Amino acid sequence: MTLRDILNKLLGRQPASAAKARERLQLVLAHDRTDLSPDLLDQMREEILKVVAKYVEIDLEGGAVSLETEDRMTALVANLPIKRTLSGEIKIKEQSTQETITSVAEEASE
Amino acid sequence: MTLNTRVILICSGKGGVGKTTLTANLGISLARKGSPTAVLDADFGLRNLDLLLGLENRIVYTAQEVLEESCRLDQALVKHKQEPNLSLLPAGNPRMLDWLKPEDMVKIVDMLSQQFEYVLIDCPAGVEDGFRNAVAASKEAIIVTNPEVSAVRDADRVIGLLNTHGVKPVQLVLNRVRPKMMESQEMLSIEDVTDILALPLLGLVLEDEQVIVSTNRGEPLTLIGSQSPAARCYSNIAGRLQGEEIPLIDPAKEGSGLREKFRRLMQTKIF
């Protein structure tokens, strides 16, 4: 938090808009570049979760599947905290798996 | 005569971000530095490059007539009186019956490459036929954008298309930079835009009222040797295109010293 942020808060002003612009742009560009609509992304997210749930029990609340962009490369990033494996072995809840789109595709084809 | 002509597309996707103003000023700058330069207005539906250069009353023929062989290229080229190293060629006029095709643009640019060191193509806004024509004839490109979400988004789309057409290098010019708004973080910063678009920055152009004044007169800032902020920026960009090492203007330093100190104080992370 910077002095400016505190001043803005004290005066009840909105925070500076550049950060918001950057955030909105990154999101919209990730979609533009892949030609994936939010609906399709939602559908894909659900299907991925179903596939993963066949093998391990995951924390549906804490999970996130999103598109991230860096240097004009877009990756599908799934962050899915595992509660336990289906054999009953309990894992540490904080532990998460990060999978790029290629590994997700491999898993789906199994 | 074979010249190592650089054919540079100046494009943006979104309209009104400053393509034509950049083309006019770069053209004049390069010509003043001694390089024979042609500026080609590829936007024949809504052409404006003639107006910015003050050449609107001197157009007789266009590239269209050259292609139909009803006139020679040198008859269609409009030479700038004060800067004879610069010539303008409009691609066509709004009343044209047959639209130009990508092959036509390639042919015209090949002809221009015989006698000019630089061919700057002022690309129409959008990503439709006019854009495709202009891209077909281009070797490298300059993307013009403003630090605004809509302009950056459209620029990103155009960059994708240039990549698929094999145009490179593609460099970025960030236009209409307002140092005060960047200071107060109410405008995307230079790093924000270069990070998002992942392009090398050829230069930035400061917001400057003198641009409108010069447009009114039909005399680009670089023609009258103006030292206004935008004029310095344009001339720096032309220098960098020619391989000179010119440091970027720091928008934060455009304000006063005290203001700069205050800005840094306001941005210090305290927790």
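Bear in mind the structure is a predicted one, so any value in this text is a computation, not a measurement.

Student: How do you make sense of the environment of F131 of chain B when you look at a structure like this?
Tutor: All names here are of chain B. By the secondary structure assignment, F131 is in helix α6 (residues 129-136). Classification of F131 by relative accessible area gives buried; the value is 3%. Placed 122 residues apart in sequence, F131 and L9 show a C-alpha to C-alpha distance of 9.8 Å. Those residues within four positions of F131 in sequence are excluded, and the remaining contacts are C123, P124, G126, V158, L161 and L162.

Student: Just checking my understanding: could you explain the nonpolar core for this structure?
Tutor: The nonpolar side chains of soluble globular proteins are, as a tendency, buried together. In this structure, L112, I121, I143 and L162 of chain B are the most contacted members of the largest nonpolar core, which totals 93 residues. Once residues lying within four places of it in the same chain are set aside, the contact partners of L112 of chain B are A38, L40, L73, L77, L89 and V119 of chain B. By size, the runner-up hydrophobic cluster in this structure holds 13 residues, among which are I48, L49, V56 and L76 of chain A.

Student: Please clarify how the side chain of D208 of chain B should be interpreted in this entry.
Tutor: Residue and element names in this part refer to chain B. Within the secondary structure layout, D208 lies in the loop between β8 (201-206) and α10 (210-217). For D208, which is buried and forms no salt bridge, the nearest opposite charge comes from R232, at a distance of 7.4 Å. There is a polar contact of 3.0 Å between the side chain of D208 and the backbone nitrogen of A230. With residues near it in sequence (within four places) discarded, D208 still touches L221, S228, P229, A230 and A231.

Student: Help me understand the pattern of salt bridges, please; the structure alone is not making it clear to me.
Tutor: Close approach of charged atoms allows side chains with opposite charge to pair. By the definition in use, this model includes ten salt bridges over all chains. Between R22 of chain A and D192 of chain B there is a salt bridge, and its shortest N-O distance comes to 2.8 Å. Residue R22 of chain A is located in helix α2 (residues 17-34), and its partner D192 of chain B is located in helix α9 (residues 190-197); the two belong to separate chains. Residue class for R22 of chain A comes out partly exposed when judged on its relative accessible area of 29%. Overall, the relative accessible area of 9% leaves D192 of chain B in the buried class. Residue R153 of chain B pairs with D32 of chain A through a salt bridge whose shortest N-O separation is 2.7 Å. Separated into two different chains, R153 of chain B in helix α7 (residues 149-164) and D32 of chain A in helix α2 make up a pair that spans both. What makes R153 of chain B partly exposed here is its relative accessible area of 34%. In the salt-bridge network here, residues are joined through shared partners; they are R176, R178 and E207 of chain B.

Criteria and cut-off values
Residues numbered from 1 in each chain as written. Chains lettered and ligands numbered in written order. Predicted model: local features only at pLDDT ≥ 70, side-chain atom pairs only at ≥ 80, totals over all residues. Heavy atoms only, no water. Helix = DSSP H or I, 4+ residues; strand = E, 2+ residues; numbered from the N terminus. Buried < 20%, exposed > 50% of the residue type's maximum accessible area, 1.4 Å probe, protein only. Contact = heavy atoms within 4.5 Å. Core = buried A, V, L, I, M, F, W, Y, C linked by side-chain atoms within 4.5 Å. Lys, Arg positive; Asp, Glu negative; His and termini not counted. Salt bridge = Lys/Arg side-chain N within 4 Å of Asp/Glu carboxyl O. Polar contact = N/O pair within 3.5 Å; in protein donor to acceptor, adjacent residues only side chain to side chain.

From the geometry alone we can't say anything about function, so treat these as descriptive.
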